[in-house]
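# Structure at a glance
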Amino acid sequence: MKKGLRLRWRWGLAVALGACWPLAFAPFDLSFLAIVLLLALFWLSDAVTPSAAATIGFAFGFGAFAAGIYWLAIPLHNYAHMSWLLSAAAVALLALYCAIYPALSLWVAAKWWAHSRLFALPFLWIGAEWLRAHLFTGFPWLATGYSQTWSLLGGWAPLLGQYGVGLATAGVAALLLFLIRHRANRRKAVAAIGGIVLLYTGAAFSQDIQRTARMHKQLTVRLIQGDVPVTEKWNVAKLSAVLDTYVKLILATPKGTNLVVLPETAFPVFQTQVPGLLRNLQRWSAEHHTNIILGIVEYAKHHYYNAALDIDGLAPWHWYRKQHLVPFGEYIPFPQLLAPLVHHFLPGLGSFTPGDGPSTLNVKGLKAGMTICYEESFSRDVRKGVTQGASFLTNISDYSWFGHSTALPQSLQMAAMQAREEEKPDIRSTNTGVTAIISPGGKIQDKLPAYFRGALNGKISPRKGKTPFGDYGDWPFLIGSFLVLKILQVGWKDHQLLHLRRKESK
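Procedures and definitions
- Here the residue numbering is sequential within each chain, running from 1 through the sequence in written order.
- This being a predicted model, a pLDDT of at least 70 is required before a residue's local features are given, and a value of 80 or more before pairs of side-chain atoms are given or counted; all residues contribute to the totals for chains, interfaces and linings.
- With hydrogens and water excluded, all non-hydrogen atoms of the structure serve as input to the side-chain values.
- Only DSSP runs of H or I with at least four residues qualify as helices, and only runs of E with at least two residues qualify as strands; both kinds are numbered from the N terminus onward.
- The atom set for the radius of gyration is the C-alpha atoms, and the globule formula is 2.2 Å times the number of residues raised to the power 0.38.
- Remark: exposure states derive from per-residue accessible area (1.4 Å probe, protein chains only) relative to the maximum for the residue type, with buried under 20%, exposed over 50%, and partly exposed in between.
- Cysteine sulfur atoms are paired as a disulfide whenever they come within 2.5 Å of each other.
- Each pair of strands is called paired provided DSSP finds at least two bridges between the two strands.
- An automatic or database domain assignment supplies the residue ranges for each domain.
- Contacts are assigned to residue pairs that have any heavy atoms within 4.5 Å of one another.
- Buried area is a sum: the accessible area each of two parts loses on coming together, probed at 1.4 Å, counted once for each and added.
- Salt bridges, as used here, are contacts in which a Lys or Arg side-chain nitrogen is within 4 Å of a carboxyl oxygen on Asp or Glu.
- Polar contact is the term for a pair of N or O atoms within 3.5 Å; when the atoms are in protein, one must be able to donate a hydrogen and the other to accept it, and sequence-neighboring residues count only if both atoms are side-chain atoms.

### What to know about the overall build of the protein
Along the protein, the regular secondary structure elements total 16 helices and 15 strands. The C-alpha atoms of the protein give 25 Å as radius of gyration, which agrees with the globular expectation for 506 residues (23 Å, within 12%). Its C-alpha atoms give the protein principal-axis dimensions of roughly 90 × 55 × 35 Å. Across the 506 residues of the protein, 54% fall into the buried class.

Here you go:
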């Protein structure tokens, strides 16, 4: 009975700790809290059975995601017309799915690394996050590394990406717990302190090294934020007013601007429906020597694409088609099974086709690494453009679906991490926020207030070359994690064998 009570107490505490997890991310930015919460979770799951460890991890994960992605209920209620109860249930269902990954990491640690659990946990914890970002199209939100975007540990990003940053964060938590346990043992305490100092010192050195080189050419950019409500954007009666809003903001572009960027689906029509307007924009682009990257829905060969159109004077158009679509937002998984249910709430939803072709657009002899909305949260999607020669990053988004929620600052934080990973400036144009210019070091150079109609004018310095992460992606993190886990496993077996031999010799 007492054991059952103790375990239920651990579950309750794990849920509470998980509910605090979003506070480590934007807009709260309590980055140190990620270390504290992981330390507490590792302590809670220590010295328990694998099944108990899994339930503790599951409880933590459910608390974290239920609190951290609550904003998904907003479009379900406001636009799919679900009740708040049903919308909350849908969010809870996704939270339950996401909770499987922390549960898995704690279970595996207790099952196969029981005697070196504390040292294995950081690798397994971040390994599970990597799986979450890849299986079933992936969902990388609230990954540990993103909490350190603007902290010192974020300095590991150009070397190992955000998963390497997450590993350093979880490593500090494990070492602190090891230090607390063995504070009376001078040798172990010094080793733990040394490990923590090494992680922070390495990050400090890493962030001071310039791995990409500034190009002589600067770009003057104008990032437009239309602040068009969803209810107006997709209302046929409001179409003329929406298009007029964006055209006026384009025409107000200062002379000498090299690039104007409009948000995702800024023109909520097919390109075939507004040929005259697009021809006029071509002429304006040619007269002002200004490229326009425009979010618009493309219809081509009986397919619909969420796309970005590059208008460069009278030259032929170039397109970027969104490649990583949002499940249940832009397409329906298992359509034969789920389409009738989804279309009951949102008729016509799920008809986009994943894009193909390059992940860059040409701007004044340079390449812009393109992403649309959700893609920006995936390091591997951003990296595609960099491997194709991008010298700066560009994202167009529309987060108006999520209202005045933490989805907006969370997305900005992830964009800043991508800039830091690739050491490239990042420009993002959003419908309602947060439109921003981000430095190659991940700092917010300038931004517009959310829910403000206007434009952000500024300059960026494109950069040539690639970071180690840009070159190799997640492979160094994955291979390194596998090797360390194998060494821990073999090392423990050797230790057991040596202990057994000593026993026999006596």
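### Here's the deal with the state of the cysteines
A full pass over the atoms with the stated rule returns zero disulfides. Distance from the sulfur of Cys373, which forms no disulfide, to the nearest cysteine sulfur (Cys98) is 17 Å. A relative accessible area of 10% means that Cys373 is categorised as buried.

### Things to note about the pairing of strand 6 (residues 303-311)
Most of strand 6 is tucked away, with seven of its nine residues classed as buried. Across nine bridges, the pairing between strand 5 (residues 291-300) and strand 6 is antiparallel. Residue Tyr299 lies in a different strand from strand 6, and its bridge partner there is Tyr304. Here strand 5 folds back onto strand 6, and the loop between the two strands holds two residues, one of which, Lys301, carries a positive phi near 50 degrees. In this sheet, strand 7 (residues 318-321) lies alongside strand 6 in antiparallel orientation, the contact comprising four bridges. In the strand pairing of strand 7, Ala307 is matched with Arg321. Counting the residues that bridge the hairpin from strand 6 to strand 7 gives six residues, and of these Gly313 lies at a positive phi of roughly 60 degrees.

### Thoughts on the domain arrangement of the protein
Under the domain assignment used here, the protein contains domain 1 (1-209 + 473-505) and domain 2 (215-471). Placing a centre on the C-alpha atoms of domain 1 and another on those of domain 2 gives a separation of 33 Å. Opposite the 43 residues of domain 1 that make contact, domain 2 presents 39 residues. A buried area of about 3,300 Å², summed over both sides, lies between domain 1 and domain 2, and 62% of it is on carbon and sulfur atoms. Counting across the interface, domain 1 meets domain 2 through zero salt bridges. Across the contact surface, domain 1 and domain 2 share 20 residue pairs in polar contact (both at pLDDT 80 or more).

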